[in-house]
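Analysis of the macromolecular model
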Amino acid sequence: RAAAAAAAADADAAPAYLPKARPTVGELQEGELVDAVVREAGADYVWLFVGPYVTARAFCLELGDDPALAAAPADHFKTGDAVRARVLAADAATARVDLSLRLTPAHTAGAAAAASGLAHALPAEGSIVLGRVSKVWPVVGANVQLSAALHGRVHLTEIEDGWAEAPTASLRLGAIVRAAVSHVDPATGQVDLTLRPSAVAAAMVDAKPPPPRVAGAGALRRGELVCGYVKRVDGPVGAFVTLARGVDALVPLAHLSDDFLPTAEGVLAPGALVRARVLSVEPLSGRISLTLRPSLMVEGAELPEHGARRAAGGKGGESAAEALAKLEEGAVVAGVVRRVEKFGVFVQLDNAPVAGLAHLSELSSQYVGEPAKLFRVGERVKAIVLAVDAGKQRLSLSLRAELLAAADEAGAEDPAAGGEEEEEDSGAEGEMVAKRSRDVRRAIADEVMGGSDEDEDEKDDDEDDDEGEGDGDSDSKGEEKEDDEEEDVEMAEPAGRTSAAGALAGGFEWDDFAAAKPAPGAGGGGADEAAAKEGGKEEDRERRARRDAKRVTAKEQEAELEARERALAEGTAAPVSAEDFERLLAGAPDSAYVWVKLMAFHLSLADVERARAVGERALKSINYRKLEEKKNVWIALLNLEKAHGTADTLAAAFRRSCADQNAKHMYLQMAAVHERAADAEAVVKTFEAVCKQFKASKKVWLAKMEWQMRSAEPAAAKATLERALQSLPRRKHVPTIVKFAQLEYRLGSVERARTVFDGVMAHHPKRLDLWGIYLDMETRKGAGTLPADVRRLFERASSLKLSSKKMKYVFKRWLDWELANGDATTMAHVKAKAHEYVQLKAGGEVDAAATADEEGNDDDDDDEN
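The structure displayed is predicted, hence computed values, not measured ones. (Residues numbered from 1 in each chain as written. Predicted model: local features only at pLDDT ≥ 70, side-chain atom pairs only at ≥ 80, totals over all residues. Heavy atoms only, no water.)

Summing up its helical and strand segments, the protein has 28 helices and 20 strands in all. Going through the 865 residues of the protein one by one, you find that 40% of them count as buried. In the protein, the share of contacts with a sequence separation of at least 24, taken over all contacts with a separation of at least 6, comes to 56%. For the protein, the computed accessible surface area is about 46000 Å², with 52% contributed by carbon and sulfur atoms. (Helix = DSSP H or I, 4+ residues; strand = E, 2+ residues; numbered from the N terminus. Buried < 20%, exposed > 50% of the residue type's maximum accessible area, 1.4 Å probe, protein only. Contact = heavy atoms within 4.5 Å. Areas by Shrake-Rupley, 256 points an atom, 1.4 Å probe, with all protein chains shown as cover.)

And the structure:
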């Protein structure tokens, strides 16, 4: 009996090749080895039975170390195959079990990474991994999928051992590749890989990996030749070149070519391979400057003394800070127009690695709407230094002609002719020019228009002209007498000085005593005296002419200033300074338009922090009841953070805006901000979030569909419509479908739109509002619908059994359309159809049928609602 029982037990026992049965998923432990049977093999996963009640999966990259297994799992695993596997994860809550057919665990990032919770998923540096190419960017590199939830990135320089023209051309989506792990960041879970054959071969045999392309800025030497790929091109700045993972360099605009280039746009394409020479390296900051100028690429070419910025023309290799320290307010400088913007002109100074900005208000005494009409890139100009900020390395310039004329007049005399008095006079004139340049309107009021100041100005002019006069202490009374009576000033010669000290460089004598006391060695005579007096009168006339011209200019500037202030007070002039905006805000503190304009003004001056501060100030100043005005300021702040901020600052501003405003509206505005920035990935994420949070809102679904239609993705828009109909209440289905059809008319296919409308009208034939929309779409200008098709649509609408009021609308609209697009015959046909309807109505047939149909239609609408 015992033998028979044992035999029966053996017969009932499972065969040896079947896995041991597990009652629940909870009994499986991570790292445990189990027996499994293949249920099905797909492109991404192999599904396995672990006992009769547990189904597990193995990702294609976990099937083994052979790339062929991951490339085609169905070719190597058949249903019923028995395999040995290792448990990666078992979640009893979701009944999900992940297995790996690699029985030996792979090396991970180590115990130091365990705190991040990612150590079990991160490979160790120097290890070999299998991956599948998931994305390829010709300018950046590629993404490689390492597991179901982990991706690694491959830098553009880590694809080939050499320098290929298009390294990503050898990669295709979905390809299985073998890569070496070059760097792992446990804190963020970022894995950097290399596909270079030399690095992969070294990692497979545990050999020393090949040296990196460029270890860092400290590994480069001045004059060294390097290769890299163009990362991006910035028109006014130059080109950014990536030399290795995490090592980028700048090729300044001046070093892209030996010829003058107004902009870097179009010179180099992103992703292009370049060979350059190192101009300068700053190991502490990691800044690297390169040159592509052919004249500096030849063997033995002498590089500029310092970096690329200093090589732009500084004397003796001086830095920008040193050059700025030498500049003084009121100095006249020369340079070349480097860039022309709406807010001003950038001027590159000669013989200095410094560029200054001449603001829009400093281009001319008249208002300048378009600076490009006055200045062009490459044009040589003279400018006056208004302000120097050595700390921020900023230089403010003025190109106003009257200020340059005043400066030229001040420095027109021979500097070698005068002594200390000349230096004092020219210094006073320079200070006055600088003051007038720093604040033009104040200068016009204080330096030119004041009565006493005008006399002092005339005094300075006279003293400049009399720079060779012997007595420097002549009083203002003498000069007033000279101006009013047009006579020479008679002054006593100071003791201990000879009359020769009062002589001008040309030999002319100012005082009447010169003839009686000739200078030693100088000849005298009646002819010389007459010539001297005649020359003095001529000099007086020239001086008076200059003074009169200055008075006329001052009056013109005063009139311009008054007109400008009057226009600002009346609100008819556009503000051109921060003070103008502040005056406007004092009268309209709740106007978002003025606040946003002030933000744009600061951004035009590259002052992002001040623009951000203005936005925050606006949110505090605008009345809390003015929700729409505050909303406009929030939108401006979101645009600012998107363009000039970081992802964290943008996210923080968005969260605050949602708390202050309608969250749904702000989500849609955020999507619009991302769309304007051409960030499609961010737009998708934003719409996914808003559709999930407000899935019962027709507006968010339609906004997503409209964006997809604008992006030429009609299939995705149709899928979104189907998903929307599953989430929206039934009463919103018809309006949503009709709106989608209108989007098809405007942004997609007219035929698809007609198909959608025909389907709607088949279910709701009595809805005159829907017929009106259908007719609007077909008869609108630019629809391209043939007149015959429009007439058929009107025929369909007029054949319905509607009430008299609705039929009157149909016939009237049809007749109006025929009046504009048809002829007498078609108009007669419409009238005949209307007459026929009236005849039928007279018999009572129409109203009864229409009433019954409309009651039935109302019942349908009630059911729909």
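Before going further, it helps to examine the sheet that holds strand E20 (residues 394–398). The five strands are arranged E16-E17-E18-E20-E19 in a closed barrel whose pairing can be described as mixed. Taking each pair of neighbouring strands and ignoring which way they run, the sheet shows an average axis angle of 50 degrees. With five bridges connecting them, strand E19 (residues 380–389) and E20 associate as antiparallel partners. Bridging across to E20, Ala387 finds its partner in Ser396. (Pairing = 2+ DSSP bridges. Axes fitted to C-alpha atoms, helices over the stretch in contact; angles between N-to-C directions.)

With respect to the helices and strands, the residue Ala828 is situated in helix H27 (residues 824–842). C-alpha of Ala828 to C-alpha of Leu815: the two residues are 13 residues apart in sequence and 9.1 Å apart in space.

Another aspect to go through is the sheet that holds strand E5 (residues 96–100). The five strands are arranged E1-E2-E3-E5-E4 in a closed barrel whose pairing can be described as mixed. Taking each pair of neighbouring strands and ignoring which way they run, the sheet shows an average axis angle of 50 degrees. Where strand E3 (residues 55–59) lies against E5, two bridges are found, and the strand directions are parallel. Residue pairing in the sheet places Arg57 in a bridge with Asp98 of E5.

Attention now moves to the packing of helix H20 (residues 698–710) against helix H22 (residues 733–747). With their axes 10 Å apart at the nearest point, H20 and H22 run at an angle of 20 degrees to one another. As the angle between them shows, H20 and H22 are arranged roughly parallel. Helix-helix and strand crossings are classified by hand; for H20 and H22 the assignment is right-handed. Residues Lys698, Leu702, Met705, Glu706, Met709 and Arg710 of H20 form the contact with H22, whose participating residues are Pro735, Thr736, Lys739, Phe740, Leu743, Glu744, Arg746 and Leu747. When grouped by side-chain class, the residues that make up the contact of H20 with H22 number seven nonpolar, one polar and six charged. (Parallel < 35°, antiparallel > 145°, perpendicular 65-115°, else oblique. Left-handed = near helix turned anticlockwise from the far one by under 90°. Nonpolar A, V, L, I, M, F, W, Y, C, P; charged D, E, K, R; others polar.)

Moving on to the pattern of salt bridges. Applying the stated criterion to the full structure yields 36 salt bridges. Among the ionic pairs, Glu641 bridges to Arg612, the shortest N-O distance being 2.6 Å. Of this pair, Glu641 sits in helix H16 (residues 627–644) while Arg612 sits in helix H15 (residues 608–621), and the two are 29 residues apart along the sequence. As far as burial versus exposure is concerned, Glu641 and Arg612 are alike and both buried. Asp769 is the partner of Arg767 in a salt bridge, and the nearest nitrogen-oxygen pair spans 3.1 Å. Salt bridges sharing partners connect three or more residues here, namely Arg57, Arg96 and Asp98. (Salt bridge = Lys/Arg side-chain N within 4 Å of Asp/Glu carboxyl O.)

Per the counting criterion, the structure on display carries 14 aromatic pairs. Ring geometry for Tyr45 versus Trp47: centroids 6.0 Å apart, planes at 40 degrees, classification tilted. Here Trp47 falls in the partly exposed class, since its relative accessible area comes to 30%. Here the aromatic rings of Phe654 and Tyr667 are separated by 5.0 Å at their centres, their planes lie at 80 degrees, and the arrangement is edge-to-face. Taken together, the residues span a long stretch of sequence, with Phe654 in helix H17 (residues 647–660) and Tyr667 in helix H18 (residues 663–676) at a distance of 13 residues. Just as Phe654 is buried, Tyr667 falls in that class too. Counting every residue linked through ring pairs, the aromatic cluster contains Tyr745, Phe757, Trp771 and Tyr774. (Phe/Tyr/Trp six-rings, centres within 6.5 Å; stacked < 30°, edge-to-face > 60°.)

This brings us to the side chain of Ser604. Within the secondary structure, Ser604 is located in helix H14 (residues 592–604). On the basis of relative accessible area, Ser604 is assigned to the buried category, the value being 16%. Polar contacts involving the side chain of Ser604 include one to the main-chain carbonyl oxygen of Phe601, which spans 2.4 Å. (Polar contact = N/O pair within 3.5 Å; in protein donor to acceptor, adjacent residues only side chain to side chain.)

Residue placement: Asp192 occurs in strand E10 (residues 190–194). In this structure the side chain of Asp192 is engaged in a polar contact, spanning 2.5 Å, whose partner is the side chain of Arg153. Only 3.5 Å separates the side chain of Asp192 from the side chain of Arg245, close enough to count as a polar contact.

Another aspect to go through is the pairing of strand E8 (residues 151–155). Of the strand pairs in this sheet, strand E7 (residues 141–145) and E8 are connected by five bridges, and their pairing is antiparallel. What sits directly across from Ala142, in E8, is Val154. The hairpin formed by E7 and E8 contains five residues between the paired strands. Where E8 and E10 come together, three bridges link them in parallel fashion. From the neighbouring strand, Gly152 faces E10, where its bridge partner is Val191.

Attention now goes to the environment of Leu668. By the element assignment, Leu668 lies in helix H18. When the C-alpha atoms of Leu668 and Ala703 are compared, they prove to be 7.5 Å apart, with 35 residues separating the residues in sequence. Dropping the residues within four chain positions of it, Leu668 is found in contact with Phe687, Lys699, Val700 and Ala703.

The backbone of Ala95 sits at a positive phi, close to 60 degrees, despite the residue not being glycine. Residue position: Ala95 is located in the loop between strand E4 (82–91) and E5. Look at Ala95 and you get partly exposed, because its relative accessible area is 47%.

Turning next to the pairing of strand E6 (residues 128–137). Two strands pair when backbone bridges link them, and E6 and strand E9 (residues 176–185) are joined in this way by five bridges, in the antiparallel orientation. Looking at the pairing, Leu130 lines up with Arg178 of E9. By the bridge criterion, five bridges tie E6 to E7 in an arrangement that is antiparallel. Paired with Trp137 across the strands is Gly141, a residue of E7.

In this model helix H25 (residues 787–798) runs 16 Å from its N-terminal to its C-terminal C-alpha over 12 residues, within 8% of the 16 Å that 1.5 Å per residue would give. Among the residues of H25, Val790, Leu793, Phe794, Ala797 and Ser798 are the ones counted as buried. All buried residues of H25 fall inside an arc of 135 degrees around its axis, so they share one side. Residues of H25 that are buried sit in contact with helix H24 (768–779), helix H26 (804–821) and H27. (Expected span 1.5 Å × (residues − 1). Arc of directions from axis to C-beta.)

Now for H17. Between the first and last C-alpha of H17 there are 20 Å, a value that for 14 residues agrees with the 20 Å anticipated at 1.5 Å per step. Buried residues along H17 sit against H16 and H18.

With that out of the way, let us pick up the nonpolar core. Grouped together as the largest cluster of nonpolar side chains are 46 residues, with contacts concentrated most on Leu638, Phe654, Phe687, Trp701 and Met705. Top element by residues in this core is H18. It accounts for seven residues. Dropping the residues within four chain positions of it, Trp701 is found in contact with Cys691, Phe694, Lys695, Thr720, Arg723, Ala724, Ser727 and Leu728. Core analysis: the next-biggest nonpolar cluster, separate from the first, contains 27 residues, Val734, Leu793, Val810 and Tyr837 among them. (Core = buried A, V, L, I, M, F, W, Y, C linked by side-chain atoms within 4.5 Å.)

The next point concerns the packing of H16 against H17. Here H16 crosses H17 at 170 degrees, and the two axes come no closer than 9 Å. In terms of their interaxial angle, H16 and H17 are classed as roughly antiparallel. For the element pair H16 and H17, the recorded crossing hand is left-handed. For the pair H16 and H17, the contacting residues are Lys630, Trp634, Leu638, Glu641 and Lys642 in the first and Thr649, Leu650, Ala653, Phe654, Arg656, Ser657 and Asp660 in the second. Class assignment of the residues belonging to the contact of H16 with H17 gives a composition of five nonpolar, two polar and five charged.

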